[in-house]
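Close look at the chain arrangement
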Amino acid sequence: GYRVSLQGNFFGHNHTYMTFPEYNPRKHIKLDPPLNIQSNATASKCQIWWSVWNVPWYLAEILQCELQYKEYSMPWEVALNKTLPSSLPQVEIEATELRSGTAYAARVRCKVSENENSYHSQWSEWSQTTVFQRADVPKVSEMILNTKMMQFLFIPLSFGTLLYLFWNCRLSSRYCCFLTLGQKASPASTFPRQLLSFNHSIVCTMGILR
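Residues numbered from 1 in each chain as written. Predicted model: local features only at pLDDT ≥ 70, side-chain atom pairs only at ≥ 80, totals over all residues. Heavy atoms only, no water.

For the protein chain, the name recorded in an unreviewed UniProt entry is IL9R protein, with Falcunculus frontatus as its organism. The record in UniProt for the protein chain states the following under Subcellular location (unreviewed entry): "Membrane". (UniProt positions renumbered as here; feature names shortened; annotations may be inferred.)

One non-glycine residue, asparagine 36, lies in the positive phi region at around 55°. Along the chain, the position of asparagine 36 falls in strand S4 (residues 35-41). The phi dihedral of asparagine 54 falls on the positive side, at around 60°, and the residue is not glycine. The residue asparagine 54 is located in the loop between strand S5 (45-51) and helix H1 (57-60) in this model. (Helix = DSSP H or I, 4+ residues; strand = E, 2+ residues; numbered from the N terminus.)

Attention now goes to the confidence of the model for the protein chain. Confidence in the prediction for the protein chain averages 76 pLDDT; 64% of positions are at 70 or higher. Ignoring residues within four places in sequence, the model shows residues 177-192, a span with pLDDT below 50, making 3 contacts including any to other chains. Counting interchain partners and residues more than four positions distant, the pLDDT-below-50 stretch residues 198-210 has 11 contacts. (pLDDT = per-residue confidence, 0-100. Contact = heavy atoms within 4.5 Å.)

Moving on, we get to the nonpolar core. Core analysis: the largest hydrophobic core is formed by 16 residues, its most contacted members being Ile48, Trp50, Leu67, Tyr69, Ile93, Leu98 and Phe132. Elements with a minimum of two residues in this core: S5, strand S6 (63-71), strand S8 (90-94) and strand S9 (103-112). At 4 residues, the largest contribution of residues to this core is made by S9. If we ignore the near neighbours within four places in the chain, the residues touching isoleucine 48 are Ile37, Gln38, Ser39, Leu67, Pro89, Gln90, Val91, Ile93, Ala106, Thr130 and Phe132. Counting 8 residues, the second-largest nonpolar core is a separate cluster that includes Leu31, Leu59, Leu63 and Val112. (Core = buried A, V, L, I, M, F, W, Y, C linked by side-chain atoms within 4.5 Å. Buried < 20%, exposed > 50% of the residue type's maximum accessible area, 1.4 Å probe, protein only.)

This part takes up the environment of valine 52. Of note, valine 52 is situated in the loop between S5 and H1. Here the alpha-carbon distance between valine 52 and leucine 35, two residues 17 residues apart in the chain, equals 6.1 Å. Discounting chain neighbours no more than four positions away, the residues touching valine 52 are Leu63 and Cys110.

This paragraph deals with the pairing of S4. As paired elements, S4 and S5 share 5 bridges and run antiparallel to each other. Bridge pairing in S5 links asparagine 40 to glutamine 47. Between S4 and the antiparallel strand that follows it, S5, lie 3 residues. (Pairing = 2+ DSSP bridges.)

Moving on, we get to the sheet that holds strand S11 (residues 130-133). Here we have 4 strands laid out as an open sheet, ordered S7-S6-S9-S11, and antiparallel in their pairing. Edge strands, defined here as strands with exactly one partner in the open sheet, are strand S7 (80-83) and S11. Strand after strand, the sheet turns through a mean of 30° between neighbouring axes, direction not considered. Bridge count for S6 against S7 is 4 bridges, and the pairing is antiparallel. If you follow glutamine 68 over to S7, its bridge partner there is asparagine 81. (Axes fitted to C-alpha atoms, helices over the stretch in contact; angles between N-to-C directions.)

What follows is the structure in structure tokens.
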């Protein structure tokens, strides 16, 4: 340790004052604030990262960082604080913690971990802020649901249309057998009429699905 004293000339006399009889620089550390804080927000999470400056390597491994974020229009007094579990200069915020369409501001500060006995420090000043906004969640699930619904509806409607045409053809065949004009009805003469009916039914079915 060190001994810190203050010397001065007061009223024509030299005086020495003992300020810190036992001063250990390792126990009185204040780091510089983090730099270059950036963010990238998606529909599922927000990633925030930064860099530490002028920190020795043996302290960089035992840093403890704290993230603070809030809605952009709100004061910092109501911000949420999150103590990070590791010394890595990055953190992720889950989308469930953010409101869609709302802008947020975040900042970070660091100090030596409280679990470290060899060093002790106070919090650094807060870094500059980064602003981010959660992306809107695409409505893919609704599109998939609508597509499956159309598929389930198309199958029974198509089956019903084919059953109707089959029954209609049987009735037409029976009717042709009882014709008394002496001419047999040709299947070719009734086929275009049934084809037209089938096309009309398919068009109606597709119109309902749309």
